[in-house]
Amino acid sequence: MLRPALRPEAPQPFRPLWRAARAASLIVLATLSLNPPLRAQAPADADAEARAIVERADRIRFPADGFQVDIAISSKAPDQGSPEARKYRVLSRGNENTIVMTVEPEADRGQIMLMRGRDLWLFMPSVSQPVRLSVAQRLTGEVANGDLARANFAGDYNPKLLRVDGSGADAQQVLELSAVDRSVTYAKVLLWVKQANGQPVRAEFYSVSNRLLKTCSYENYKQLGGALRPTRLVMEDALKKGEVSVLEYDDMKPRELPDRVFSKEYLRKLQ
């Protein structure tokens, strides 16, 4: 008849020490289960630094106060004869309230997009009620509605400083911007900013599935609206080679824009 296997016991002289060691190990295991080891976390000041960089880049691109700017967009595809040209006038305050008016082509004149917070509507002269739009919906070429109506990286994304590319005067800070929710234009943005002066250099825009959708380069810095700003943006489709939109910014000026401007009643005056 087989006897059940017995647990090994420590030799008689060492049994008290063995029992004490075993009891101590059980206490350690219980303590670890109640208090798991802390994971390394990025210091809070790292997040604050990243947010300060993005806020500065936003202010370089656009004024914090109310302003007006004209934007000409030229879009080209490989199988397209001549580029498609469109013009818009944008009224914006703090990148939270924006009106985008179509100036050209003549057939679309009078169409107006209104952005309040993250809510976007399209008003058309021939339609009595506004149409709700998505900020991610394509406006023209490689330009989404949100690219004109809400260019607010600091308000729409949680930034993280990934690394610094290059050195000296050529050093660029690379930031990863994660969308605060699904209502913003892109799920993720990688942004390159000059470390020396905070000027945005280029950006990559990604989908929810982390697929690169398009790239943007910020070019031709000039005095515009009282500061040195990029006046030319080149957006290229990452999925369809050769499809490009060029945005030219001109005639930026400060403008008083009270709350009543961003209303359906006021838009009727603009139409």
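The residue count restarts for each chain, going from 1 along the sequence in the order it is written. Per-residue local features are limited, in this predicted model, to residues with pLDDT of at least 70; the limit for side-chain atom pairs, both in listing and counting, is 80 or more; totals at the level of whole chains, interfaces and linings are taken over all residues. Excluding hydrogens and water, the side-chain values take into account all heavy atoms of the structure.

1. Structural notes on the overall build of the protein chain
Line of reasoning, step 1. Helix and strand labels come from DSSP, where a helix needs a run of H or I of at least four residues and a strand needs a run of E of at least two; each type is numbered from the N terminus. Tallying secondary structure elements over the protein chain gives five helices and 15 strands in all.
Line of reasoning, step 2. Going through the 271 residues of the protein chain one by one, you find that 39% of them count as buried.
Line of reasoning, step 3. Should any heavy atoms of two residues lie within 4.5 Å, those residues are considered in contact. If you take every contact in the protein chain between residues at least 6 apart in sequence, the share linking residues at least 24 apart comes to 45%.
Line of reasoning, step 4. To measure how exposed things are, a 1.4 Å probe is used in the Shrake-Rupley method; for residues, cover is taken only from the protein chains shown. Roughly 15,700 Å² of accessible area belongs to the protein chain as shown, and the carbon and sulfur atoms make up 53% of that amount. The rule is simple: take the accessible area with a 1.4 Å probe, protein chains only, and divide by the maximum for that residue type; under 20% is buried, over 50% is exposed, in between is partly exposed.

2. Some words on unusual backbone geometry
Line of reasoning, step 1. In this chain, Glu104 is followed by Pro105 through a cis amide linkage whose omega measures 10°.
Line of reasoning, step 2. On the secondary structure map, Pro105 appears in the loop between β3 (97–104) and β4 (112–116).
Line of reasoning, step 3. With a phi angle near 55°, Asn220 is a residue other than glycine that sits in the positive phi range.
Line of reasoning, step 4. Mapping Asn220 onto the fold places it in strand β13 (residues 212–224).
Line of reasoning, step 5. The exposure class assigned to Asn220 is partly exposed, which follows from its relative accessible area of 36%.
Line of reasoning, step 6. Look at Asp251: it is not a glycine, yet its phi comes out positive at around 55°.
Line of reasoning, step 7. Assignment of secondary structure puts Asp251 in strand β15 (residues 244–254).
Line of reasoning, step 8. Exposure remark for Asp251: the relative accessible area of 34% places this residue in the partly exposed category.

3. Some points on the pairing of β3
Within a regular strand, side chains alternate between the sheet's two faces.
Line of reasoning, step 1. Of all eight residues making up β3, six are buried, and the element is well covered by its neighbours.
Line of reasoning, step 2. Hairpin geometry of strand β2 (residues 84–93) and β3 is characterised by an intervening segment of three residues between the two adjacent antiparallel strands and by a positive phi of about 65° at Gly94.
Line of reasoning, step 3. Alignment of β3 against β4, held across five bridges, turns out to be antiparallel. Bridging from a neighbouring strand, Met101 pairs with Ile112 of β4. What makes two strands pair is DSSP finding at least two bridges between them.

4. Section: the pattern of salt bridges
Line of reasoning, step 1. The rule for a salt bridge is simple: a side-chain nitrogen of Lys or Arg has to be within 4 Å of a carboxyl oxygen of Asp or Glu. One pass over the full model with this rule turns up 20 salt bridges.
Line of reasoning, step 2. The partner of Arg109 in a salt bridge is Glu106, and the shortest N-O contact between them spans 3.3 Å.
Line of reasoning, step 3. Overall, Arg109 belongs to the partly exposed group, its relative accessible area being 44%.
Line of reasoning, step 4. Asp156 is the partner of Arg150 in a salt bridge, and the nearest nitrogen-oxygen pair spans 2.7 Å.
Line of reasoning, step 5. Using a relative accessible area of 6% as the deciding quantity, one classes Arg150 as buried.
Line of reasoning, step 6. Among the residues examined, Asp156 registers a relative accessible area of 3% and is labelled buried.
Line of reasoning, step 7. Residues joined by salt bridges that share partners form a network here, namely Glu96, Arg118, Arg150, Asp156 and Asp181.

5. What about the side chain of Glu142?
Line of reasoning, step 1. As for its placement among the helices and strands, Glu142 is situated in the loop between β7 (138–140) and β8 (143–144).
Line of reasoning, step 2. With residues up to four places along the chain from it excluded, the contact list for Glu142 reads Asp147, Lys214, Met235, Asp237, Glu243, Val244 and Ser245.

6. A word on the layout of surface pockets
Line of reasoning, step 1. Empty space within the largest pocket amounts to approximately 390 Å³.
Line of reasoning, step 2. What lines the largest pocket is a set of 21 residues, among which Ala136, Thr185, Tyr186, Ser207 and Leu213 lie closest to the centre.
Line of reasoning, step 3. Residue assignment for the lining of the largest pocket shows that the elements contributing at least two residues are β8 and β13.
Line of reasoning, step 4. Split by residue class, the lining of the largest pocket holds 11 nonpolar, two polar and eight charged.
Line of reasoning, step 5. Here the term cavity refers to a set of points on a 1 Å grid, laid over the protein atoms alone, in which a 1.4 Å probe fits but cannot get out; the term pocket refers to an open set having protein on both sides within 12 Å along at least five of seven lines, with lining residues being those that place an atom within 4 Å of a point. Grid points are joined across faces, edges and corners, and a volume is the space filled by probe spheres set on the points. By volume, the second largest pocket is sized at about 180 Å³.
Line of reasoning, step 6. Gln111, Met113, Leu122, Leu139 and Asn145 are the residues nearest the centre of the second largest pocket, which is lined by 13 residues in total.
Line of reasoning, step 7. Sorting the residues of the lining of the second largest pocket by element identifies β2, β3, β4 and β7 as the ones contributing at least two each. Throughout, the ten residues Ala, Val, Leu, Ile, Met, Phe, Trp, Tyr, Cys and Pro are labelled nonpolar, Asp, Glu, Lys and Arg are labelled charged, and all others, Gly among them, are labelled polar.

7. Some remarks on the side chain of Thr140
Line of reasoning, step 1. Tracing the sequence through the fold places Thr140 in strand β7.
Line of reasoning, step 2. Overall, the relative accessible area of 3% leaves Thr140 in the buried class.

8. Points about the packing of aromatic side chains
Line of reasoning, step 1. Pairing of aromatic side chains requires ring centres within 6.5 Å, counting the rings of Phe and Tyr and the six-membered ring of Trp. Pairs whose planes differ by under 30 degrees are stacked, by over 60 edge-to-face, and all others tilted. Scanning the model with the defined rule gives four aromatic pairs in all.
Line of reasoning, step 2. Relative to Phe205, the ring of Tyr186 has its centre 4.5 Å away and its plane inclined at 35°; by these criteria the two rings are tilted. With Tyr186 in the loop between β10 (172–179) and β11 (188–194) and Phe205 in strand β12 (residues 200–206), this residue pair connects regions lying 19 residues apart in the sequence. Here Tyr186 matches Phe205 in class, with each residue buried.
Line of reasoning, step 3. Whether a charge sits over a ring depends on NZ of Lys or CZ of Arg being within 6 Å of the ring centre and within 35 degrees of the ring normal. Positioned over the ring face of Tyr206 is Lys188, at 4.5 Å from the centre of the ring.
Line of reasoning, step 4. Across the ring face of Trp192, the terminal group of Arg202 is positioned such that the distance to the ring centre comes to 3.7 Å.

In short, geometric facts, not functional conclusions.
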